[in-house]
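Topology and contacts: notes
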Amino acid sequence: MSVLVVAENWNGNFKKSTYEAVSYANEIAKQLGITTTALSIGNVSNDALQALGKYGASKVISATHEKLSDFNVQAYAGVIAEVTKKEGAQLLVFSNTFAGKSLSPRVAVKLGAGMVTDAMALPSSINPFTVKRKIFSGKAFANVVLTTDVKILALAPNSFHLVEVPTTLTIDNFTPNINDA
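Conventions used here
Residues numbered from 1 in each chain as written. Predicted model: local features only at pLDDT ≥ 70, side-chain atom pairs only at ≥ 80, totals over all residues. Heavy atoms only, no water. Helix = DSSP H or I, 4+ residues; strand = E, 2+ residues; numbered from the N terminus. Buried < 20%, exposed > 50% of the residue type's maximum accessible area, 1.4 Å probe, protein only. Contact = heavy atoms within 4.5 Å. Areas by Shrake-Rupley, 256 points an atom, 1.4 Å probe, with all protein chains shown as cover. Lys, Arg positive; Asp, Glu negative; His and termini not counted. Charge placed at Lys NZ, Arg CZ, Asp CG, Glu CD. 1 Å grid on protein atoms, 1.4 Å probe; cavity = no way out; pocket = protein on both sides within 12 Å on 5 of 7 lines; lining within 4 Å. Points joined across faces, edges and corners; volume = space filled by probe spheres on them. Nonpolar A, V, L, I, M, F, W, Y, C, P; charged D, E, K, R; others polar. Expected span 1.5 Å × (residues − 1).

1. Some words on the overall build of the protein chain
- Secondary structure summary: the protein chain contains four helices and 10 strands in total.
- What you see in the protein chain, going N to C, is helices and strands ordered as β-α-β-α-β-α-β-α-β-β-β-β-β-β.
- Taking the principal axes of its C-alpha atoms as reference, the protein chain extends roughly 40 × 40 × 30 Å.
- Counting only residues that meet the buried cut, the protein chain has 51% of its 181 residues in that class.
- Here the analysis covers contacts within the protein chain between residues at least 6 apart in sequence; of these, 71% occur between residues at least 24 apart.
- Only carbon and sulfur atoms are counted for the fraction: they give 48% of the accessible area of the protein chain, which is about 8,600 Å².
- Taking the average location of the 16 positive side-chain charges in the protein chain and that of its 13 negative ones, the two points are 9 Å from each other.

2. As for the layout of surface pockets
- Volume-wise, the largest pocket comes out at about 410 Å³.
- Together, 23 residues line the largest pocket, and N9, W10, I41, F71 and Y76 are the ones closest to its centre.
- Of all the secondary-structure elements, those providing two or more residues to the lining of the largest pocket are β2 (35-41), β4 (91-95) and α4 (98-111).
- Broken down by element, the lining of the largest pocket gets its largest block of residues, four residues, from α4.
- Classifying every residue of the lining of the largest pocket by side-chain character gives 12 nonpolar, nine polar and two charged.

3. Brief notes about α4
- In this model, α4 (14 residues) spans 21 Å end to end at C-alpha, consistent with the 20 Å of a helix rising 1.5 Å per residue.
- Within α4, burial applies to A99, G100, S102, L103, S104, V107, A108 and L111.
- Of the residues one or two after α4, G112 is the one with positive phi, at around 65 degrees.

4. So, empty space enclosed by the protein
- Taken as a whole and assessed by the stated rule, the structure comprises one cavity of 30 Å³ or more.
- The computed volume of the largest cavity comes to approximately 40 Å³.
- Surrounding the largest cavity, S17, E20, A21, S95, N96, T97, L155, A156 and P157 form its lining.
- Sort the elements by how many residues they give to the lining of the largest cavity and helix α1 (residues 16-32) lands first, with three residues.
- A breakdown of the residues in the lining of the largest cavity according to their chemical character gives four nonpolar, four polar and one charged.

Here's what the structure looks like:
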């Protein structure tokens, strides 16, 4: 079991928000005593994938398919749900970017997961799983308790610092099942 973080890329490159999400996921994984797995969708070079290990990912699943070359929210959500089930992950971390905001609710429905958007801190409690999030355009905060088996967190931009913990990384190539629908 591991914490699964969706490593969003832009034309095959990762930005700071992706590294923040990996750092955040890795810190939660430490709290839970498990590992961090990153999921990269689309064509990304091995060198770029290796960079995810610098922030704590011990495994990267590189999902590639001809139908994943452009962002397609339905196809991407299906791939994320498929990998989550395959890996047995009970916690997913997204960046709260345009893509993350589009994907996380769809994945939550597919998995029957509880979800927190705009998460801004590590969980204050693991049992019950409690996360602080921004509300009212960041003018106030709320502590949200998730009770579902699968939990999804969308990390607010610039709310978590980069934590470099170089890790030995393995890369698994994965070709998902993409329906023509």
